[in-house]
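Report on the structure
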Amino acid sequence: MGVYSEKVIAEVNEQLDPRAVLELIGYHTDKLQESAETFRGFCPIHRETVFRTLIIDKSKRTFRCMYSLCKGAAGGTLVELYALAKELSLENALEELVAHFQLNVQLPVDPEYLEKQAEVGENYLELGYLDEAEKVFLDIVAADAVFERAIRGLIHVYEQRGESESLGRQHAALAQILIQRGERSAAEEHVRAWAQYLPDDPQSHRYLGDYLVEQGDMESALEEFMMAADLYAAQGKYEEAIEAYTHVDSLQLDLVDVVPHVLQIYEQMEQPQKAVQFLRERAEAAVLRAD
Ligand SMILES: [Zn+2]
């Protein structure tokens, strides 16, 4: 069993044009013989040069090779033909074909397979084989970016190796998965680790600020929001910077004046009319509060 189920492979295979697949493989396609039901040609798997041992059933979209020592002798789908001829894994062959022919298929991965792989990774981890564990977990995440067990596995790998940047990235991924799922309190420790290991990533500080507000630690929250805003501004992400500054403004802490920061950003964006609008709305809000 592989990352993709047999159903998905069949679905892709059904959409393949046999001649186009052979041309993509590109092995002596000038020697192809076409009949109503079949193509016969030089086998690209064992790289035949004399006989047309490759037979493709055009309607079933299957192949076999008549040379008994060929890896393709057992036959299979066009996806398998492509995988064997190009020496790719079935997964990679499938992905390449879908991408190349822009096929209209979703490639859902088999969750059972990924769970089993996660177990393999965790066993490596337990034995202290960090490189092997990392590879297994990265493969899982490549197939399913929000596979929590694999991300937790990677966190363990990078903790043991002391690789803070990679560690920060995995904490960031896990934090965002948990936040998306609405598990905000579970996400907090990962937001904190994210901010700690990737201090230049504004998003972590923006999130952390929200947690601190909820906990009533306004001064620390302010620090995080301002850090987020300054980092966004420095990275040219002006919309995000303004959002963070105006968020500080809306907290009405009277600890910091964000107005010059916001005006400076609108100046950098060359949008003076927005600066005027910002000042007007701010003044109107102040009048409303005074009433
Ligand atoms: Zn062959």
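Residues numbered from 1 in each chain as written. Predicted model: local features only at pLDDT ≥ 70, side-chain atom pairs only at ≥ 80, totals over all residues. Heavy atoms only, no water.

1. Observations regarding the coordination of the zinc ion
On the protein side, the zinc ion has C43 (SG), H46 (ND1), C65 (SG) and C70 (SG) as donor atoms, found 2.1 to 2.3 Å from it. Taken together, the 4 donor atoms coordinating the zinc ion span angles of 105 to 116 degrees at the metal, a pattern that classifies the geometry as tetrahedral. Here the donor residues of the zinc ion are spaced in sequence according to C-x2-H-x18-C-x4-C. With H46 in the loop between strand 2 (38–41) and strand 3 (54–57) and C70 in the loop between strand 4 (62–65) and strand 5 (76–77), the pair connects residues that are 24 residues apart, well separated along the chain. A residue is classified by how much of its surface remains accessible, and H46, at 22% relative accessible area, is partly exposed. (Donors = N, O, S within 2.8 Å, 3.2 Å for Na, K, Ca; no water. Tetrahedral: all angles 85-135°; square planar, octahedral: opposite > 155°, others 65-115°. Helix = DSSP H or I, 4+ residues; strand = E, 2+ residues; numbered from the N terminus. Buried < 20%, exposed > 50% of the residue type's maximum accessible area, 1.4 Å probe, protein only.)

2. As for the nonpolar core
Formed by 85 residues in total, the largest nonpolar core has its most connected members in V12, L16, I56, L81, F137, I140 and Y245. Take this core: its biggest share by element is 8 residues, from helix 11 (residues 218–234). Taken domain by domain, the makeup of this core includes at least three residues from each of domain 1 (6–100) and domain 2 (111–258). Setting aside anything within four residues of it in sequence, one finds I140 in contact with L114, Q117, A118, F147 and A150. (Core = buried A, V, L, I, M, F, W, Y, C linked by side-chain atoms within 4.5 Å. Domains from an automatic or database assignment. Contact = heavy atoms within 4.5 Å.)

3. Some remarks on the sheet that holds strand 4
The strands making up a sheet associate through backbone hydrogen bonding, with each pair oriented either parallel or antiparallel. Within the open sheet, the 5 strands sit side by side as 1-2-3-4-5. Their pairing is antiparallel. In this open sheet, the two strands that pair with only one neighbour each are strand 1 (33–34) and strand 5. For strand 1 and strand 2, the ladder comprises 2 bridges, and the chain directions are antiparallel. Across the sheet, the residue bridging to Q33 is R40, located in strand 2. (Pairing = 2+ DSSP bridges.)

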